[in-house]
Amino acid sequence: MTMYAGEEIEKISKEKEKWEKGPLKLVLDKWGEEKRSFETLSGKEVKRLYTPLDISNKEYLEEINFPGSYPFTRGVLPTGYRGKLWTRRQVTGFATPEETNKRLKYLQKEGQTGLNIVFDLPTHNQLDSDNPLCEGEVGKDGVPVDTLRDVEVIFDGIDIGSISTSIITGGPAVMSMFLALAQKRNIPFNVLRGTLQNDAVSLYYTVNFRRLPLQTLYKLTVDVVEYCVKEMPHWNPISFIGYQIREKGSTAAQEIAFTFGSAVEYANALIARGLNVDDFAPRFSFFFNAHNDFFEEVCKYRAARRLWARIMKDRFGAENPLSWLLRYHVQTAGCSLTAQQPMNNIIRTTIQALAAVLGGTHSLHTNSMDEAYALPSETAVRVALRTQQIIAHESGVTHTVDPLGGSYFIEKLTDDLEEEARSIIEKIDDQGGMLQAVSEGWVQKQIQDASYAYKKDIEEKKRLIVGVNCFEVEKDELPIEILKIDPSYEELQKKNLVKVREQRDEKMVKDSLDRLHEAAATGENVFPYFIDASHTYASIEEMMKACTGIKG
Amino acid sequence: MSKNDPRVRVLLAKPGLDGHDRGVYVVAQALRDSGIEVVFLGLQVTPDQVAQAAEQESVDVIGLSIFSGGHMTLVPRIIESLKEKGLQNIPIIVGGIIPPEDAEKLKRNGVCEIFPPGCSMAEVVACVRMLTNTNM
């Protein structure tokens, strides 16, 4: 049964024609409309008006339904935020493990409800802090981790058994150190809650973490997922990264499609290892962006939720309802923030965060106003966290589930985004899957084209960015403080690494790395050997070297 | 500029470990669209590799993209490397996340212009034209 049908829809259609010829024409003739394009940030045309005619073919129970019911367009929980607010989870990590530990405790004190650790570029690239390639980059845009010692310091005085932790990096090394820490503290793996980013396919082409070949990175991450699925029932061993795809310049529909392309690829790999889809799908997690176009972003989450449910049910035949649920974290769009008049970024972040909340996110990071300059200062990060708290506790938008549902515009745009994402996924399938499409550079080309088109629109003022191509100020005094990372932190980190090397039992290190190397050579799941090596304080670079020539 | 090739040549590179390449690709495309030749050295290059490529490709301008926060180490190293090769006259421009204080320091040390997030492609193109005296 469609939502509007028969006589009612005919009547609306006739009345709409009358409206167009009557009051609308009168106003258009007299005043016209602004001569700019009315389209979403991703370039979708936005009509003047949406009416029941736009959703007359929809069937409420089939396509929208109640929150907590398939296909989850209105949310995965029947009670929305009335039952539980989203997790407030600010990304943290800079300078040294010691400084990061202090910041984590500060944010906990200010009301953050989940941890979210980001690592520096040497760590992401699986290099030790004293590798010459890392000079000048240690601790600059994340916390450096060389050995288990650093993970011990980051979580010093923090009970990882009771708070959920998000670890933003791919590869097995950092995660294995986290698990070694849990073992040292006698915390069983089955109580650990949190997420590992780990989507090597996306990281490979978005932020270019590619010191190992794509196939090798992929094999290593599948090992981690397989291990965690079996041993850690409350842990999300992989989070598919739409965020970076969008930051790289994709459209909203591409963000959904390329994220799911990667998820489908991993699902296939896990099934090939003999797992049942219902064993791992409930532990899949996703990470999306919240960009400037308010309605498009709200609809993006609604479309993604529905599309994922359908992919899981129809394509993979998942039977466990938990496998159908799209569970995701959102970060507001760093790429949307401007260096010009940086305090305006607070407003941008607020609009984006509101879109994420009205779209039903489960966890949120709000960017700080100083993003275009540096990692956040304490003041800036507190304002960012407060933004979430004001939305949560003062705005009232959390009182009802999916408050925008049923809007003719919202439902239509949700449909359109789902359809576009679905057609992009078909193109990925035609090429043999995401690994193939990335290897051939097709995905990268799609994103680059979208990114360039967007930048050109700004340049030609088809798209206005306040402070950038309109409402500029002549002298833009910087009214905010900027976090400086003292260069001496790099030296300190290197010294600490040398100290660890001096104090550890070299024979134990060598033996554990030999065992890891052997496992890598035989194609066995290497992750348990990573955990063992972490206990000996083997370094991240040593562990990755032991995997050279990995099979599988 | 080489006598046989009247086109302006710009070397673009991302030194350091950072892989955020959205900006550098947009700049590359904008320069090409305006008739400038771009030699894209790629990601994760060392300061020496930048200087070597600048020499081999006899470029007119060097554009560096750095988002990692490592600019105060990487840029001076590149300037040093260029000096060793006697190439200190090749103008350098830098794009990325550079706090104003650092931007001032880098400019005092020989960087011609800094392009922060949100700057326009037209400004970058105009800057290259100005540095090479080749207004379109």
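Our structure's up above, just so we're on the same page.
Please read all numbers here as calculations on a predicted model, not as lab measurements.

Which residues make up the state of the cysteines, and what are the values?
Each disulfide consists of a covalent bond between the sulfur atoms of two cysteine residues. Across all of its chains, the model carries zero disulfides over all chains by this definition. The thiol of Cys228 of chain A is not disulfide-bonded; the next cysteine sulfur, from Cys547 of chain A, is found 15 Å away. Since its relative accessible area comes to 0%, Cys228 of chain A is described here as buried. Just so you know, Cys119 of chain B is unpaired, no disulfide at all, and the nearest cysteine sulfur is the one on Cys127 of chain B, 10 Å from it. The class for Cys119 of chain B is buried, based on a relative accessible area of 14%.

For the packing of aromatic side chains, give the residues involved together with the corresponding values.
Residues and elements named next belong to chain A. Taken as a whole, this structure holds 25 aromatic pairs over all chains when the rule is applied. Ring geometry for Tyr70 against Trp324: centres 5.3 Å apart, planes inclined by 70°, an arrangement best described as edge-to-face. On the criterion of sequence distance, the pair formed by Tyr70 in the loop between helix H2 (60-64) and helix H3 (80-83) and Trp324 in helix H14 (residues 321-324) is long-range, its members being 254 residues apart. The exposure class assigned to Trp324 is buried, which follows from its relative accessible area of 13%. Here the aromatic residues Tyr218, Phe240, Phe260, Tyr266, Phe280, Phe284, Phe286, Phe288, Tyr301, Trp308 and Tyr328 are joined through ring pairs into a cluster of three or more.

Please give an account of the environment of Leu375 of chain A that cites residues and values.
All names here are of chain A. You can see Leu375 is positioned in the loop between strand E9 (363-365) and helix H16 (378-393). Overall, Leu375 belongs to the partly exposed group, its relative accessible area being 22%. Separated by 99 residues in the primary sequence, Leu375 and Glu474 place their C-alpha atoms 26 Å from one another. Contacts of Leu375, omitting those with residues within four sequence positions, involve Gly93, Phe94, Lys140, Asp141, Gly142, Asp370 and Leu483.

Rules of the game
Residues numbered from 1 in each chain as written. Chains lettered and ligands numbered in written order. Predicted model: local features only at pLDDT ≥ 70, side-chain atom pairs only at ≥ 80, totals over all residues. Heavy atoms only, no water. Disulfide = S-S within 2.5 Å. Buried < 20%, exposed > 50% of the residue type's maximum accessible area, 1.4 Å probe, protein only. Phe/Tyr/Trp six-rings, centres within 6.5 Å; stacked < 30°, edge-to-face > 60°. Helix = DSSP H or I, 4+ residues; strand = E, 2+ residues; numbered from the N terminus. Contact = heavy atoms within 4.5 Å.

Treat this as a map of the structure, not an account of what it does.
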